[in-house]
Every structure is written in C-alpha cells, then in structure tokens.
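What follows is the residue order along each chain.
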Amino acid sequence: MAAVSGLVWRPLRQVSGLLKRRFHRTAPAALQVTVRDAINQGMDEELERDEKVFLLGEEVAQYDGAYKVSRGLWKKYGDKRIIDTPISEMGFAGIAVGAAMAGLRPICEFMTFNFSMQAIDQVINSAAKTYYMSGGLQSVPIVFRGPNGASAGVAAQHSQCFAAWYGHCPGLKVVSPWNSEDAKGLIKSAIRDNNPVVVLENELMYGVPFEFPSEAQSKDFLVPIGKAKIERQGRLPHSSAHWSEVELKTL
C-alpha cells in the first residue's frame, strides 16, 4: 500500500514544485491603466499643481462627467474649480475663453465635439486668433477637450470626426492621443501650453487599458506637443537603400 501511495504522491509533489518555481519566476505584470483614468490622472495632477487651472462643462462635476473622465475631481476640488454648466456650448466656451484671457487656465469639456459647432465662433475667432491679432500681447491658455469621431450606437450627431476641421485652423494646436501614456502626457502638456489646444479623445478608447510605464506615473511626466515620438526603434531594410532623402523624410 505504501508503495502505491508513493507512486501516486511523488509525481504530484514534483508537479506542484515545478508550478511553484515557474510561478515565482514570472515577471510582475505591468500596471494597466485605461485611457479614461489616464486623462483623469493628468487633469488631477495639473489642478493640484496650479490653482489657476479649472474644469467646466456639462455634467463634469456632481455627475463625474458624461463618460466619467472627471470622476472624483468635484469632490476633491469643489464647485469653484469643477463647474457644471448649462447646455449652452457657446455660452460656457465664451466664459472659458474670457477666463483664459484674464490669466486663468480653463479646461473646457464638450460632451462631444459635434456640439463644439455651437461654439465654433468662440473656438476659432476668439481663442485661436487673438494671439495673432493682438500682436503677441494676449495669449489664450485654454484646452478644449472631449470625445471626437465615431462611436457605437450614437447616430450621426455624435459620430463625426473634426480632426481635419480644427487641424486646418491657424492658431490652434490639435492633439489626438490613442493610448494611456499619450493621453496623460498630452493633456498635461496642453494645460501648461500658453496657446489654445484642442484635445480630441475617442469614446471607444476610454475604457481600453494599456500598459502604463513607470515614467508615465510621475507627476512630472509630459509628452511634448509638436515633437515626434518614437514608438519603436528600427531601421530601413537594405532593399530600401535606394530611397532618396526626401522619400525617407515622408515615411
């Protein structure tokens, strides 16, 4: 009986020991952060860093934002810095532009950029052109942000992409992050910029988690606007050596 017991338990102990060794050799999983939480983290850090920063828009305060991007910020910073507005894009966008001209740093959230058409005069003629028209005397440090482009089941008035529209307007900087690292780094750079920045987010990406490197977890982490980011180092294959310098620059 003892011999039979040994034949049964010895292999089980060996397998158990092997599994334990492999388990302890497994590298720790990288931190996963959704795009939504990355934007929230970026805004939170900038609100904490600079008392001139504030957020306004429809349902951004007590409801935590239509897409929960501003979750927890109203409870932390209160009514004076996280401001619910009426459903009047031209009105609250104009308030935000005026506040920026007065020296504050507003983050103006559109529930969807389709509705920014209601405020297009404030975004283009007031925010984007003032620095040029004042001869460089009046900057407008404002961020216009919110979901842009196609989504799921929200019909035509919530699904248009305005990247090309805003990208062709002098005076605006336009960014459109896709992963969590870029979302946090770019929203922080946008808030610190002395010019109007349009941050086009994607509703379908809000809940998608990405690996969040340790450097992105720092409060000093920024993704510079206007500087190319190398996602992966590489080199051209030997068969492409005949490409001209101009062709290489367009890649």
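Right above here is the structure, for reference.
Description of the structure in this document.

Procedures and definitions
- Residues numbered from 1 in each chain as written.
- Predicted model: local features only at pLDDT ≥ 70, side-chain atom pairs only at ≥ 80, totals over all residues.
- Heavy atoms only, no water.
- Helix = DSSP H or I, 4+ residues; strand = E, 2+ residues; numbered from the N terminus.
- Polar contact = N/O pair within 3.5 Å; in protein donor to acceptor, adjacent residues only side chain to side chain.
- Buried < 20%, exposed > 50% of the residue type's maximum accessible area, 1.4 Å probe, protein only.
- Contact = heavy atoms within 4.5 Å.
- Axes fitted to C-alpha atoms, helices over the stretch in contact; angles between N-to-C directions.
- Parallel < 35°, antiparallel > 145°, perpendicular 65-115°, else oblique.
- Left-handed = near helix turned anticlockwise from the far one by under 90°.
- Phe/Tyr/Trp six-rings, centres within 6.5 Å; stacked < 30°, edge-to-face > 60°.
- Lys NZ or Arg CZ within 6 Å of the ring centre and 35° of its normal.

Remarks on the environment of tyrosine 166
Residue position: tyrosine 166 is located in helix H7 (residues 163–167). Distance in space between the C-alpha atoms of tyrosine 166 and valine 197 is 9.9 Å, their sequence separation being 31 residues. Here serine 116 takes part through its side chain, which lies 2.7 Å from a polar atom of the side chain of tyrosine 166.

Topic: the side chain of asparagine 148
Within the element layout of this structure, asparagine 148 appears in the loop between strand E5 (143–147) and H7. Residue classification places asparagine 148 among the buried residues on the basis of a relative accessible area of 7%. A distance of 2.8 Å separates the side chain of asparagine 148 from the backbone nitrogen of phenylalanine 162, its partner in a polar contact. When residues no more than four places from it in sequence are discounted, the contact partners of asparagine 148 are Phe113, Gln160, Cys161, Phe162, Ala163, Leu200, Glu201 and Asn202.

Looking at the packing of helix H2 (residues 35–49) against helix H8 (residues 180–192)
Taken N-terminus to C-terminus, the directions of H2 and H8 make an angle of 30 degrees; their axes are 8 Å apart at the nearest point. As judged from the angle between their axes, H2 and H8 are roughly parallel. Considering the relative orientation of H2 and H8, their crossing is right-handed. Of the residues in H8, those in contact with Val35, Ala38, Ile39, Gln41, Gly42, Met43, Glu45, Glu46 and Arg49 of H2 are Ser180, Ala183, Lys184, Ile187, Lys188, Ile191 and Arg192.

Quick look at the packing of aromatic side chains
Scanning all chains against the criterion turns up seven aromatic pairs. Considering the side-chain rings of phenylalanine 92 and phenylalanine 110, the 6.1 Å spacing of their centres and the 40 degrees angle between planes classify their relative orientation as tilted. One end of the pair, phenylalanine 92, is in helix H4 (residues 89–101); the other, phenylalanine 110, is in the loop between strand E4 (105–109) and helix H5 (120–128), and 18 residues separate them in sequence. A single burial state applies to phenylalanine 92 and to phenylalanine 110, both of which are buried. Geometrically, the ring pair formed by phenylalanine 162 and tryptophan 165 is edge-to-face, given 5.1 Å between the ring centres and 85 degrees between the ring planes. One aromatic cluster is present, formed by Phe92, Phe110, Phe113, Phe144 and Tyr166 through successive ring pairs. The positively charged end of lysine 68 is found above the aromatic ring belonging to tyrosine 63, 3.5 Å away from the centroid.

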